[in-house]
Amino acid sequence: MDNHDEVREFLTSRRGRITPEQAGLPAGGRRRVSGLRRSEVAALADVSVEYYAKLERGNLAGVSPAVLEAVARALRLDDAERAHLLNLAHTATGADALTRPRRRATRSWNPHPSLRWTLDAVTGGLAFVRNGRMDLLAANALGRAFYADIYAGGGHRPNLARFIFLDPAGRRFYPDWDLVADTTVAILRTEAGRDPHDRSLHDLVGELSTRSDDFRTRWGSHDVRRHGTGDKRFHHPVVGDVTLAYQSLEMAAEPGLMLTIYTAEPGSPADEGLRLLASWSADDTPRGPGADTSSTTPHTGARPRP
């Protein structure tokens, strides 16, 4: 797969964000470019200017791991960015076709009964499975209740990225919307580097780029990120403001899928809010285009007052 444009834009964007002072170099008068010059990156990576210029034109095929590591150090890449650079290099050589796990089409994917049991066993928090495109593929009863506005949208599989960028409710749901938006785009960009052959991901990025200026601007920044643990604030229409801690785990049995669990500090207002939501979800039945059978608990449409 020809990924020259992706490589060029990623390396250029990383070079442009580093100042000479950050790299331990003298600023040296007026500079016509933001960040470092190509010659400075080449010197830091101990390669010729001509060779680095070739890399930045998008030619990563055949580049040794030692050179990639030297470039990563010169550009001060973090762990997620290093992994992204390696994924781009694998794609350039065609090695990704051999090393990339075979993934099942999620359009027709159904969770194994044991996964449904696992999700239903999580009763004190919300649990869901997503793919790299941010599709919600399965969830426990509390997860469906918590993301009720996303599941209510018709026409598409429930998708966190569409909700964040295309649904006005997304800005109300996430008090730290800019941070959530940045993270979401970084996750999609990471997935695009890891699996550049995913046509559904290309279609989603095209849709969001066309319909959202906020997405298009962030996509052009080429930021990547690993999203495994942390805290997130929500403003839920039923239980109000809650802060939840999350853990995301890669599913070895389902390559490309992530299991995420959100929980609240025991005894906190957020914990009380989740308990209230759980009492409602126990009587609420899934319905609509996004409905799945990951939870066997019956549901009704009644909502408690906040």
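The model shown is predicted, which means the values in this text are computed figures rather than measured ones.

Student: For the side chain of D271, give the residues involved together with the corresponding values.
Tutor: Within the secondary structure layout, D271 lies in helix α15 (residues 269–281). The exposure class assigned to D271 is buried, which follows from its relative accessible area of 11%.

Student: Before we move on, can you summarise the pairing of strand β4 (residues 240–250) with the specific residues and values?
Tutor: With eight bridges connecting them, strand β3 (residues 229–236) and β4 associate as antiparallel partners. From the neighbouring strand, H236 faces β4, where its bridge partner is G240. In this antiparallel pair of consecutive strands, β3 and β4, the connection spans three residues. Pairing of β4 with strand β5 (residues 258–263) involves six bridges; the strand directions are antiparallel. Bridging across to β5, E250 finds its partner in M258.

Student: Would you mind going over the packing of aromatic side chains in detail, with residue names and values included?
Tutor: Per the counting criterion, the structure on display carries 16 aromatic pairs. Members of the aromatic cluster, each reached through a chain of ring pairs, are F128, F146, Y147, F163, F173, Y174, F234, Y246 and Y262. Across the ring face of W177, the terminal group of R171 is positioned such that the distance to the ring centre comes to 3.7 Å.

Student: Please provide a residue-by-residue account of the nonpolar core, values included.
Tutor: In terms of nonpolar packing, the biggest core is built from 43 residues, with L126, F146, Y147, Y174, L188, F234 and L244 touching the most fellow members. Here the element with the most residues in this core is helix α12 (residues 177–194); it accounts for six residues. Beyond its immediate sequence surroundings of up to four residues, L126 is in contact with N140, L142, G143, F146, Y147, L244, T260, I261, Y262 and L274. Membership of the second largest hydrophobic core comes to 25 residues, among which are F10, Y52, V71 and L85.

Student: Give a detailed account of the packing of helix α4 (residues 65–74) against helix α5 (residues 79–93), specifying residues and quantitative values.
Tutor: At a closest axis distance of 10 Å, the pairing of α4 and α5 adopts a crossing angle of 140 degrees. As α4 packs across α5, the resulting crossing turns out to be right-handed. Contacts between α4 and α5 involve L68, E69, A72 and R73 on the former and, on the latter, R82, L85, L86 and A89. Grouping the amino acids of the contact of α4 with α5 by side-chain chemistry returns five nonpolar, no polar and three charged.

Student: So what's going on with the sheet that holds strand β1 (residues 126–130)? Residues and values would help.
Tutor: Each strand in a sheet pairs with its neighbour through backbone hydrogen bonds, running either in the same direction (parallel) or in the opposite one (antiparallel). Strand order in the open sheet formed by five strands is β2-β1-β5-β4-β3, with antiparallel pairing between adjacent strands. The open sheet has two edge strands, β2 (136–139) and β3, and neither has a second partner. Neighbour to neighbour, the strand axes of the sheet diverge by 30 degrees on average, direction disregarded. Each of β1, β2 and β5 touches helix α7 (residues 113–121); the most contacted strand, β1, lies at about 150 degrees to it.

Student: Account for the pattern of salt bridges, naming residues and giving values.
Tutor: All chains considered together, the criterion is met by 22 salt bridges. Across the salt bridge formed by E207 and R162, the nearest N and O atoms sit 3.0 Å from each other. One end of the pair, E207, is in helix α13 (residues 199–211); the other, R162, is in helix α10 (residues 160–166), with 45 residues separating them in the sequence. No difference in accessibility class separates E207 from R162, as the two residues are buried. Ionic pairing is found between R218 and D214, a salt bridge with its closest N-O pair at 3.9 Å. Linking R218 with D214, this pair stays in helix α14 (residues 213–219), spanning four residues, or about one helical turn.

Student: Lay out α13 in plain terms, naming residues and giving numbers.
Tutor: Counted at 1.5 Å a residue, the expected span for α13 with its 13 residues is 18 Å, and the 18 Å between its end C-alpha atoms agrees. Inspection of α13 places L201, L204, V205, E207, L208 and S209 among the buried residues, and these make up the whole buried set. Considering only its buried residues, α13 is in contact with α10, α12 and α14. The backbone nitrogen of S200 has a side-chain oxygen 3.0 Å away, supplied by the residue at the start of α13, namely D198.

Procedures and definitions
Residues numbered from 1 in each chain as written. Predicted model: local features only at pLDDT ≥ 70, side-chain atom pairs only at ≥ 80, totals over all residues. Heavy atoms only, no water. Helix = DSSP H or I, 4+ residues; strand = E, 2+ residues; numbered from the N terminus. Buried < 20%, exposed > 50% of the residue type's maximum accessible area, 1.4 Å probe, protein only. Pairing = 2+ DSSP bridges. Phe/Tyr/Trp six-rings, centres within 6.5 Å; stacked < 30°, edge-to-face > 60°. Lys NZ or Arg CZ within 6 Å of the ring centre and 35° of its normal. Core = buried A, V, L, I, M, F, W, Y, C linked by side-chain atoms within 4.5 Å. Contact = heavy atoms within 4.5 Å. Axes fitted to C-alpha atoms, helices over the stretch in contact; angles between N-to-C directions. Left-handed = near helix turned anticlockwise from the far one by under 90°. Nonpolar A, V, L, I, M, F, W, Y, C, P; charged D, E, K, R; others polar. Salt bridge = Lys/Arg side-chain N within 4 Å of Asp/Glu carboxyl O. Expected span 1.5 Å × (residues − 1). Polar contact = N/O pair within 3.5 Å; in protein donor to acceptor, adjacent residues only side chain to side chain.

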